[in-house]
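What follows is each chain in one-letter form.
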Amino acid sequence: LGHHGLHETFRADGQRESASLHWHGEELCSEHFYDDGTTHLRIGPQGGSRRWERYWPSGALNTVSIEERDGRTRYLRCLDPDGNDLAPRGSGQLQEMLSLDDEMCQWREGDLVEGFLSGMVRRLASLPDGSQARETERTLYKNGRPH
C-alpha cells in the first residue's frame, strides 16, 4: 500500500519536520515546518488540483498558489512579511520563501502577471541572518512557463 494514514518526520531535537496524510499510497495533504516548529508550507487539495500555502518564518502568510491542469503555477496571493499585498489582482512582485534552516535561507523573486510568473525569476540564498546574499539561479518565464 505504501504510506497509509498519518506519516510524520522529526528533527534530532524532537521538533516536527513534516506531516502528511495518505490514503492507500496517495498523499492527500502535507505540512512542512521551520526548525522552530512554525509552519512553512501546507499542500492540500483544491478542486482536482493542489493548493500551496507558504508562510514567512514569523508565521505570516507568504504565498497562496495552485497548480493548474496544464502544469503552470497560478499565484492567488503574494504578501510581504507585514501582510502587504505585493501582487494586487495577480500582478506585481513575487517574493517567495523557499527554505530556512540553521545553515541557509533560500527564496525567489520575480514578476507576476495575472497570477503567472513572467520575465526573469531569480533564486537567492543567504546565511539565516540575511547576510552574504547571493543569486544561485536565474530562469526566464513566459506566461508561467520556464524557457
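Please read these numbers as outputs of a predicted model, since none were measured by experiment.

Here is what the cut-offs are and how they apply
Residues numbered from 1 in each chain as written. Predicted model: local features only at pLDDT ≥ 70, side-chain atom pairs only at ≥ 80, totals over all residues. Heavy atoms only, no water. Salt bridge = Lys/Arg side-chain N within 4 Å of Asp/Glu carboxyl O. Helix = DSSP H or I, 4+ residues; strand = E, 2+ residues; numbered from the N terminus. Core = buried A, V, L, I, M, F, W, Y, C linked by side-chain atoms within 4.5 Å. Buried < 20%, exposed > 50% of the residue type's maximum accessible area, 1.4 Å probe, protein only. Contact = heavy atoms within 4.5 Å. Patch = residues over 30% accessible without salt bridge, like charges linked within 9 Å, V, L, I, M, F, W, Y side chains within 5 Å. Areas by Shrake-Rupley, 256 points an atom, 1.4 Å probe, with all protein chains shown as cover. Lys, Arg positive; Asp, Glu negative; His and termini not counted. Charge placed at Lys NZ, Arg CZ, Asp CG, Glu CD. Pairing = 2+ DSSP bridges. Axes fitted to C-alpha atoms, helices over the stretch in contact; angles between N-to-C directions.

Our next topic: the pattern of salt bridges. Tallied over the full model, the rule gives 13 salt bridges. Linking Glu31 and Arg42 is a salt bridge whose minimum nitrogen-to-oxygen distance equals 2.4 Å. Taken together, the residues span a long stretch of sequence, with Glu31 in strand β3 (residues 26-33) and Arg42 in strand β4 (residues 39-46) at a distance of eleven residues. Note that Arg51 is salt-bridged to Glu53, the shortest N-O span being 3.0 Å. The network of salt bridges with common partners includes Glu109, Arg122, Glu135 and Arg138.

This brings us to the nonpolar core. Core analysis: the largest hydrophobic core is formed by nine residues, namely Tyr75, Cys78, Leu86, Ala87, Leu94, Leu112, Leu117, Val121 and Tyr141. Going through the elements one at a time, β7 (73-78) and β10 (116-126) are the ones with two or more residues in this core. Discounting chain neighbours no more than four positions away, the residues touching Leu112 are Tyr75, Cys78, Ala87, Gly90, Ser91, Gly92, Leu94 and Leu117. Residues Tyr34, Trp56, Cys105 and Trp107 belong to the second largest nonpolar core, which totals six residues.

This part is about a negative patch on the surface. Side chains of Asp13, Asp101, Asp102 and Glu103 sit close together on the surface and give a patch of like negative charge. As for its position among the elements, Asp102 is in the loop between β8 (92-100) and β9 (105-113).

Turning our attention to the pairing of β10. Pairing analysis gives eight bridges linking β9 to β10, with the strands arranged antiparallel. Its bridge partner being in β10, Leu112 is matched across the sheet by Leu117. Between β9 and β10, which pair antiparallel in sequence order, lie two residues; one of them, Glu114, sits at a positive phi of approximately 50 degrees. Bridge analysis of β10 against strand β11 (residues 134-142) gives seven bridges, and the strand direction is antiparallel. Across the sheet, residue Leu124 finds its bridge partner in β11, namely Glu135.

Turning to unusual backbone geometry, a few remarks are in order. Residue His24 is not a glycine yet carries a positive backbone phi of 50 degrees. Inspection of the secondary structure puts His24 in the loop between β2 (16-23) and β3.

This brings us to the environment of Leu94. Tracing the sequence through the fold places Leu94 in strand β8. Classification of Leu94 by relative accessible area gives buried; the value is 0%.

This part is about a nonpolar patch on the surface. A cluster of nonpolar side chains, namely Leu6, Leu21, Trp23 and Leu28, defines an oily patch on the protein surface of about 400 Å² accessible area. Topologically, Leu6 is positioned in strand β1 (residues 5-10).

This next bit is on the sheet that holds β9. Backbone hydrogen bonds hold the strands of a sheet together, and the pairing may be parallel or antiparallel. Pairing is antiparallel across the open sheet formed by five strands, whose spatial order is β8-β9-β10-β11-β12. Both outer strands of the open sheet, β8 and β12 (145-146), are each paired with one neighbouring strand and no more.

Bringing the sheet that holds β7 into the picture now. Taken in spatial order, the seven strands make up an open sheet running β1-β2-β3-β4-β5-β6-β7, and their pairing is antiparallel. Each edge of the open sheet is held by one strand with a lone partner, namely β1 and β7. Averaged over neighbouring strand pairs, the angle between their axes works out to 15 degrees when direction is ignored. Bridge count for β3 against β4 is four bridges, and the pairing is antiparallel. Bridging across to β4, Ser30 finds its partner in Ile43.

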